[in-house]
Structure formats: C-alpha cells, structure tokens
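Chain by chain, the residues:
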Protein chains: 2
Amino acid sequence: MKVQRYKHDLDISYALGATLTFELLLQRPDLVTRVFLSSATERSDAVERLLDVCRHCDVPVETNDKAFNILSPKGNCFVIGEFQKFSGSLSDASHIVLVNPSDAGNLGTILRTAAGFGVTDVAIVRPAVDAFDPKVVRASMGAIFHTEIEYFDAIEDYRARFPQRHLYAFMLKASTPLPQIPFEEPCSLVFGNEATGLPDCFADFCTPVIIRHSHAIDSLNLPMAAGIAMYEFTKDRWK
Amino acid sequence: MKVQRYKHDLDISYALGATLTFELLLQRPDLVTRVFLSSATERSDAVERLLDVCRHCDVPVETNDKAFNILSPKGNCFVIGEFQKFSGSLSDASHIVLVNPSDAGNLGTILRTAAGFGVTDVAIVRPAVDAFDPKVVRASMGAIFHTEIEYFDAIEDYRARFPQRHLYAFMLKASTPLPQIPFEEPCSLVFGNEATGLPDCFADFCTPVIIRHSHAIDSLNLPMAAGIAMYEFTKDRWK
C-alpha cells in the first residue's frame, strides 16, 4: 500500500512521532492501520514497548524510509502511526464551539487544553481547518484521540441540534467580563476566527463575554482566550 | 550595508511584516536603522502611512528583494524593519520569570499575553531562547517593543537582585491550586522549561502553585500555563 502525503480528502491520517503514535495505539488501537519505523529509529525501551503494543493489537510495522521522506521531510521524526479517520458525536456535556478556526497549531493546542480541563466535545463551524491534518494531531499531543469533534456547515445547524443550551460568545464587543459570568452547565463556549473574531450578530443568541486586557495588544491569541475561558469555566471541578 | 541572516551575536534584529514594522516604528523609532520593501510590496494606504512615519523619523527605506530572500525565504512578507537590539531593566513591579524557555514561538506568545495583562517586566534565566530572534519578535506581535526583558545566568542572580519579593513557582508537584493563591504584589510568577518544568528545589524558595487539570494530558503548554496564571493574577485590575 503506497504512502501518500496527507490530504483532506483521504480517509487516513498520521501521528508523527513515537509519543503520539503510542497515544494513538492506546486510545484508538482499532483504527491504526500501520506503524512506520525509519531505518534510523533507535531501538530504545520506548520503541520496544511501542512494538510490543503493535504486536498485541495486530498492527503491522514497516521499516519504510520513503514514508518519512513523504510525511516528515524535516527528518525529526522516527516513528509514524497511520490511522483511519474517525467521526465524533457530541454529547450532552458542555462544548467548545470554534467558528471558522484557520490555524492547525491553534486547533491542536485548543484540543489539548480542552482535554486538560475535561471538555472533550468540540464543535467546529466551517470553513475551518481540517482537524485530522497531522499538524493538528501533533499539536493536540494526542488529545484528538479522546475528543469528540463534529463539523457543522453553519452555526444555525449547531443551534438546531442543541436548541436548549446556553451559549457564551467570547468577543471584544462584549461588556461582561469573564470572572462575572455565572456559567450554567451544560453550555457552550463559542470562539471566532483568529483574525476576525465572532461576527457581532452572535450577541443576538449568545451571552457575550469579554476577557479584559490592556490596550497594549489588539487581542489575546485564540488558544489563549479559549484556554483562559476553559480554566475559569471549569475551575471548581479541580479544586 | 549588507543584509545578514539573523544571528544571536549580531546587534541588530528584524521585524518581519508591515504591522510589526509599524509597531516597531511607533514604539522604538530611535532604534530603527532601515526599512526594507520588496519590489512586490503593494502601495496600499497602510504602506503609505508606514512610509510617512519613516520619513517623519528619518528612517531610510530601501527596496531590496535580496533582504527578503535572506530574511523571509517563505515569501509571505513584504515589509521588514531592521532595528538595533535594546537592553531592558526590570522595574519594581511584578515580574514573569522564565527559567530556560527554549521555544521562540512560545516566548513571543508569552510576551504578547503578558503585555495584554499589564505585566511588562520579564526575567529570563539562561540557557534560553534569544528574545530578539525574529520568530520571537513576530510571535510577540510587537509586545517585545514595550517589554523590559533581562537575562540572568542563574535563578540565584535574579534572587540576589530582588531579594525581598515573593516568588510563586508553577509546578506539577505543587499542592495549592492557582485559584487559592492570595497573590502579594509586587511578586514574581516563575515558570520552567517546556519539556522539563521547574526543578523541585524551586519549592525551597518559592510558593509552589499548580494549575489543576485532568489526567488526559501531561501538562498544559508553557504559554497556556503562563497566560492562565497571569489572567488569574491580574484579573482584579480589569474588572
């Protein structure tokens, strides 16, 4: 089976690196189709453990330098896990809703942080970056393997699916600062695009919330705003 | 004067991009040595405004495609500001202390977030990434131009310089969660390296603090931990 550079319309993606591949094998063993080793891979204890898990899960292992040239041309990666993409289904717990996120690293960081704060349901409104892009998978540090992600074509579709829940929209035009919000659970924390934020109309059907900051910056970056919001939202859980 | 690829031991660095160069010209006009335009630079209103500021500040402007090949080979940048590095001096306000930060993007994001929360004094303990690396400057979105940054060879040197102040060390081995810390100002929020965190011995001279999260992740990433800590630390200022 040929190794192909990742594309959005393929039904497979890749976990680049030994730690990430290990996480993939632990969380989604049924979806792993192959594990590639580079001929430069050192047979450390960690790699031997990974190979044990592959044997245990009947995952084929190939030494395949071509795969590394295609998938990780920078050469800083010695193990790659190939896996079938999976579809998620949002639960009735609280959600993160990302409207038009465009950056792979940012999406991965948000998934990692959300998993850290126990928020494992993420809705994404298109147009948006592909959550299975290996850059997202990598930046998520494997959190994507235990997150339910669903894409929607429009925020209206998301609202129709979850008509009862309270939505909190993080936007600079809001007047209520984050620490004053009495969050009702389950609810949804809604964030806009990196460059443009949320359209003003979100204030019509969401409670607008602002994370106040000085005038020295235009805005917090998206993962930072989402991370701070999730910290504040969930902090009573982790006391 | 020849354009050189950025190196740590040069006394100049570069602001890559029109917005960043504009911020440089506004904040540190005396330090700008040249502004480069690419022959592909469109003469938009924004660029004309930037050229006005250059004229006003007596900053020479060069159309110099070679500079872009050397400094921004990816070709997604049409204005570059060259500037002399500057040294900072920490004030008696509260500080961020970064011990051995290694990633340029992370340091830039921390500077941006710190500026957003009004923390404009940052101590960095070596070995550490170079704050004037153009990747740091860019990720800081210009916040570096209004931040006082000082490097120290060891945490002991920092402590000797600021012997009276209370230090809060963010570490996974701490037992007091962030929301329960009654911060005394001025103080210092101390963060470790991306991969290794802070050595245990920091608990001997700091109050250890933890940002609690689930077991789904090993840790928050460094800028996220620093951003959440700064949010909690400064949130009464922005009510």
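Per-chain numbering applies: the sequence of each chain, read as written, is numbered from 1 onward. Chains and ligands are labelled by the order in which they are written, letters from A for the one and numbers from 1 for the other. In keeping with the predicted nature of the model, local features appear solely for residues at pLDDT of at least 70, side-chain atom pairs appear and are counted solely at 80 or more, and the whole-chain, interface and lining totals rest on all residues. Here the side-chain values reflect all heavy atoms present in the structure, with hydrogen atoms and water set aside.

> Explanation requested: the overall build of chain A in the structure shown.
Secondary structure counts use DSSP, requiring at least four H or I residues in a row for a helix and at least two E residues in a row for a strand, with both numbered from the N terminus. Of the regular secondary structure elements, chain A holds seven helices and eleven strands. Its C-alpha radius of gyration of 20 Å places chain A within 12% of the 18 Å reference for a compact globule of 239 residues. Throughout, exposure labels follow a simple rule: accessible area from a 1.4 Å probe, protein chains only, divided by the maximum for the residue type, with under 20% read as buried, over 50% as exposed, and the rest as partly exposed. Going through the 239 residues of chain A one by one, you find that 56% of them count as buried. The contact criterion used is simple: two residues touch if any of their non-hydrogen atoms lie within 4.5 Å. In chain A, once contacts between residues fewer than 6 apart in sequence are set aside, the share between residues at least 24 apart is 81%. Shrake-Rupley sampling with a 1.4 Å probe provides the accessible areas, and residues are treated as covered by the protein chains on show and by no other component. As displayed, chain A has an accessible area near 11,000 Å², and 49% of this comes from carbon and sulfur atoms. The charge count treats Lys and Arg as positive and Asp and Glu as negative. His and the chain ends do not count. Note that the charge is assigned to NZ on lysines, CZ on arginines, CG on aspartates and CD on glutamates. Distance between charge centres in chain A, computed from 23 positive and 30 negative side chains, equals 4 Å. For the radius of gyration, the atoms used are the C-alpha atoms, and the globule rule reads 2.2 Å times the number of residues raised to 0.38.

> When you look at unusual backbone geometry in this model, what are you seeing that I'm missing?
Note: most residues except glycine have negative phi, and most peptide bonds are trans. With an omega of -5°, the peptide bond running from arginine 126 of chain A to proline 127 of chain A counts as cis. Of note, proline 127 of chain A is situated in the loop between β6 (121-125) and α5 (134-139). The amide bond that connects glutamate 185 of chain B to the next residue, proline 186 of chain B, takes the cis arrangement and shows omega of -10°. Within the secondary structure, proline 186 of chain B sits in the loop between β9 (176-177) and β10 (187-191). Positive phi, normally seen in glycine, also occurs at asparagine 100 of chain A, with a value near 60°. Here asparagine 100 of chain A shows up in the loop between β5 (95-99) and α4 (104-116).

> Just checking my understanding: could you explain the pairing of strand β8 (residues 166-170) of chain A for this structure?
Looking down a regular strand, the side chains alternate between one sheet face and the other. All names here are of chain A. Of all five residues in β8, four are buried, a share of seventy percent or more. For β8 and strand β10 (residues 187-191), the ladder comprises four bridges, and the chain directions are parallel. Residue pairing across strands places alanine 169 opposite valine 190, the latter belonging to β10. Strands were regarded as paired on the criterion that DSSP finds at least two bridges between them.

> In this structure, what is going on with the domain arrangement of chain A? I would like to understand it.
Much of the literature gives interface size as the accessible area that the parts lose upon coming together. Residue and element names in this part refer to chain A. When cut into domains, chain A gives domain 1 (12-84) and domain 2 (95-238). The interface is formed by twelve residues belonging to domain 1 together with ten residues belonging to domain 2. For the pair domain 1 and domain 2, the summed buried area comes to about 970 Å², and 62% of that belongs to carbon and sulfur atoms. By convention, the term buried area covers the 1.4 Å-probe accessible surface removed from two parts as they join, with the contributions of both added. The largest per-residue losses of area from domain 1 upon contact with domain 2 belong to Leu16, Leu20 and Arg28, which jointly make up 42% of the total buried on that side. Pairs of N or O atoms within 3.5 Å make up the polar contacts considered here, provided that, within protein, one atom can donate a hydrogen while the other can accept it, and that residues adjacent in sequence are counted only when both atoms are side-chain atoms. Linking domain 1 to domain 2 there are three residue pairs in polar contact (both at pLDDT 80 or more). Elements with a minimum of two residues in the side of domain 1 that touches domain 2: β1 (12-16) and α1 (18-27). For this classification, Asp, Glu, Lys and Arg are treated as charged, while Ala, Val, Leu, Ile, Met, Phe, Trp, Tyr, Cys and Pro are nonpolar and the rest, including Gly, are polar. Looking at side-chain class alone, the side of domain 1 that touches domain 2 contains seven nonpolar, three polar and two charged residues. Boundaries of every domain are those given by an automatic assignment or by a domain database.

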